[in-house]
Amino acid sequence: MIRRLAFVLSLVSLPALAGEVTCPDLAAVQQVGTCSSEQELKWGFTGYCSDNQRMYDKEDGSCLSLEHYKKIKDVSLWEAGEFQGYLHCSLPPETIKASKFKHIGAIRIGAMTRVVCSYDNGLDLTYRTKSACKVEGNKAVCAD
């Protein structure tokens, strides 16, 4: 639900971008969401994965076990400029900030383009724009 809310807010709040988009250095990334406590995760698992669990849960298998649920749901929102990502709370902030850039990609979904920057430790940050973007080397070139 948090991911959907963040997505909807990003659709409303981000202006169209024209120009080059480069991936941020994770040394500048800031945690803007909070990590759930152990008690909150157990409560969420019990409520979400009860006999009345949502039908679409079968797609991600988050209810296989509490540990599996934590792997999927124990995340917090981080930002670096216009880039955002839900990063796992098991990683210390020092590890996140020290992660190095690996790859950039761009994908068009409907009227939005997602520019995704991938880093060591399985980390991804995403920039959303209404502009069409294509990857050229280590940057995305976006045009209205």
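Here, the structure is the one placed above.
Asker: An account of the packing of helix 2 (residues 38-48) against helix 3 (residues 66-73) is needed here, citing residue identities and associated values.
Answerer: The interhelical angle for the contact between helix 2 and helix 3, taken along N-to-C directions, is 110 degrees, at an axis separation of 10 Å. By the criterion of interaxial angle, the relationship of helix 2 to helix 3 is roughly perpendicular. Across the interface between the two elements, Glu38, Leu41, Lys42, Gly44, Phe45 and Tyr48 from helix 2 touch Leu66, Tyr69, Lys70 and Lys73 from helix 3. For the contact of helix 2 with helix 3, the residue count by class is five nonpolar, one polar and four charged.

Asker: Lay out the state of the cysteines with the relevant residues and their values.
Answerer: Counted under the stated rule, the structure contains four disulfides. Here Cys23 engages in a disulfide with Cys117; their sulfurs sit 1.9 Å apart. As the torsion about the S-S bond is roughly -85 degrees, the Cys23-Cys117 disulfide counts as left-handed. In this pair, Cys23 sits in the loop between strand 1 (19-22) and strand 2 (30-31) while Cys117 sits in strand 6 (residues 112-119), placing the two residues 94 residues apart along the sequence. In this pair, the class of Cys23 matches that of Cys117, namely buried. One disulfide in the model links Cys35 with Cys89; its S-S distance is 2.1 Å. Across the S-S bond linking Cys35 and Cys89, the dihedral sits near -95 degrees, which makes this disulfide left-handed. You can see Cys35 sitting in the loop between strand 2 and helix 2 and its partner Cys89 sitting in the loop between strand 4 (83-88) and helix 4 (93-98), a full 54 residues away along the chain. Judged by its relative accessible area of 36%, Cys35 is partly exposed.

About the thresholds
Throughout, residues of each chain are indexed from 1 in the direction in which the sequence is written. For this predicted model, a pLDDT threshold of at least 70 governs which residues receive local features, and a threshold of 80 or more governs which side-chain atom pairs are given and counted, while totals over whole chains, interfaces and linings are taken from all residues. The basis for every side-chain value is the complete set of non-hydrogen atoms in the structure, without hydrogens or water. A fitted line through C-alpha atoms represents every axis, and for helices the fit uses only the stretch in contact; the resulting angles, taken between N-to-C directions, go from 0 to 180 degrees. Under the DSSP-based scheme used, a helix requires at least four consecutive residues in state H or I and a strand at least two consecutive residues in state E, with every element numbered from the N terminus. Between 65 and 115 degrees an angle is taken as roughly perpendicular, under 35 as roughly parallel, over 145 as roughly antiparallel, and anywhere else as oblique. Any two residues whose heavy atoms approach within 4.5 Å at even a single point are treated as in contact. Each residue is assigned to one class: nonpolar for Ala, Val, Leu, Ile, Met, Phe, Trp, Tyr, Cys and Pro, charged for Asp, Glu, Lys and Arg, and polar for all the others, Gly among them. Pairs of cysteine sulfur atoms within 2.5 Å are identified as disulfides in what follows. Type-normalised accessible area, obtained with a 1.4 Å probe on protein chains alone, sets the label of each residue: buried when under 20%, exposed when over 50%, and partly exposed for intermediate values.

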